[in-house]
Amino acid sequence: MYYSAMEKLGIEKREILVDRVEDARDAQTDAQETFRSSLERFQSVVETPDTPLQEKYDTIRTAFEDSQDVAEEVRDRIDAVEDVSEALFDEWEDELELYESASLRRNSERQLQDTRSRYNTLIARMHRAEAKMAPVLEAFEDQVLFLKHNLNAQAIGALEQELSQIRADVDRLIQDMEDSIAESEAFIEQFRTTNQ
């Protein structure tokens, strides 16, 4: 119903798909920055032992909450991409039956298969990047809970041991997101070029 209304306004599903892929790419870019920033805040707490403990807890808790929010935004954007792409591909398949010309129908079928293949690669990469957020969020949450329940200098010392693992997880997550963003940009560019 939404897509029909948008088409009546002159906005095609393919335009909505490209917009949503761009939104997902932008959400992943925001997630990268949030995770980087959260890691920096986490590092500043662990590496600065003279900061009052409550301040440290507040800094880490805020970084964790920011990371949770941006992770949810990424999930929502990916869901929106999947929703519009499903409608686009269903419509495309239905419209293949409308062709009178067999050669145009075959050409459109090949283009559909190629676009679906590129889309499947893109969405798989988005989901892989999304899946990498959960372990990072879990590690952050563990640290927030540990600090919350053990606001003392020993808690800060224990956090230092976890910092290198969290740093590695965030680095891996950021690299996966960079790969997914690059795949999104390539999909958008190729989709626009192919469908103009």
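Our subject is the structure that appears above.
Report follows, based on the coordinates. Values in this document were obtained by computation on a predicted structure and should not be read as measured data.

1. Here we look at the packing of aromatic side chains
Scanning the model with the defined rule gives four aromatic pairs in all. When the ring of F89 is compared with that of Y119, the centres are 5.5 Å apart and the planes differ by 65 degrees; the resulting orientation is edge-to-face. With F89 in helix α3 (residues 53-96) and Y119 in helix α4 (residues 102-131), this pair connects stretches of sequence that are 30 residues apart. Connected via pairs of aromatic rings, a cluster forms that spans F89, Y119, F187 and F191. A cation over a ring is seen here: R116 above F89, with NZ or CZ 4.8 Å from the ring centre.

2. A word on the side chain of Q28
Among the structural elements, Q28 can be located in helix α2 (residues 13-46). Those residues in contact with Q28 that lie beyond four places of it in its chain are V74, I78, M126, A129, M177, S180, I181 and S184.

3. A short note on helix α5 (residues 133-149)
Relative to the 24 Å expected for 17 residues at 1.5 Å per residue, α5 spans 24 Å between its end C-alpha atoms, a close match to the ideal helical length. Residues of α5 that are buried: M133, V136, L137, A139, F140, Q143, V144 and L147. Projected onto a plane normal to the axis of α5, the buried residues spread over an arc of 160 degrees and lie on a single side.

4. Regarding α4
Across its 30 residues, α4 extends 42 Å between first and last C-alpha, which sits within 8% of the 44 Å expected from 1.5 Å per residue. Among the residues of α4, S108, L112, T115, R118, Y119, L122, I123, M126, A129 and E130 are the ones counted as buried.

5. A short note on the nonpolar core
Core analysis: the biggest nonpolar cluster contains 48 residues, and L17, V21 and F35 have the highest contact counts within it. Ranked by residue count, the leading element in this core is α3, at 14 residues.

6. Side note on the pattern of salt bridges
For the coordinates displayed, the defined rule picks out 18 salt bridges. Of the charged contacts, one joins R77 and E73 as a salt bridge, the two residues approaching to 2.6 Å between their closest N and O atoms. With R77 and E73 both in helix α3 and four residues apart, the pair spans about one turn of that helix. With relative accessibility at 32%, the residue E73 sits in the partly exposed group.

Rules behind the numbers
- Residues numbered from 1 in each chain as written.
- Predicted model: local features only at pLDDT ≥ 70, side-chain atom pairs only at ≥ 80, totals over all residues.
- Heavy atoms only, no water.
- Phe/Tyr/Trp six-rings, centres within 6.5 Å; stacked < 30°, edge-to-face > 60°.
- Helix = DSSP H or I, 4+ residues; strand = E, 2+ residues; numbered from the N terminus.
- Lys NZ or Arg CZ within 6 Å of the ring centre and 35° of its normal.
- Contact = heavy atoms within 4.5 Å.
- Expected span 1.5 Å × (residues − 1).
- Buried < 20%, exposed > 50% of the residue type's maximum accessible area, 1.4 Å probe, protein only.
- Arc of directions from axis to C-beta.
- Core = buried A, V, L, I, M, F, W, Y, C linked by side-chain atoms within 4.5 Å.
- Salt bridge = Lys/Arg side-chain N within 4 Å of Asp/Glu carboxyl O.

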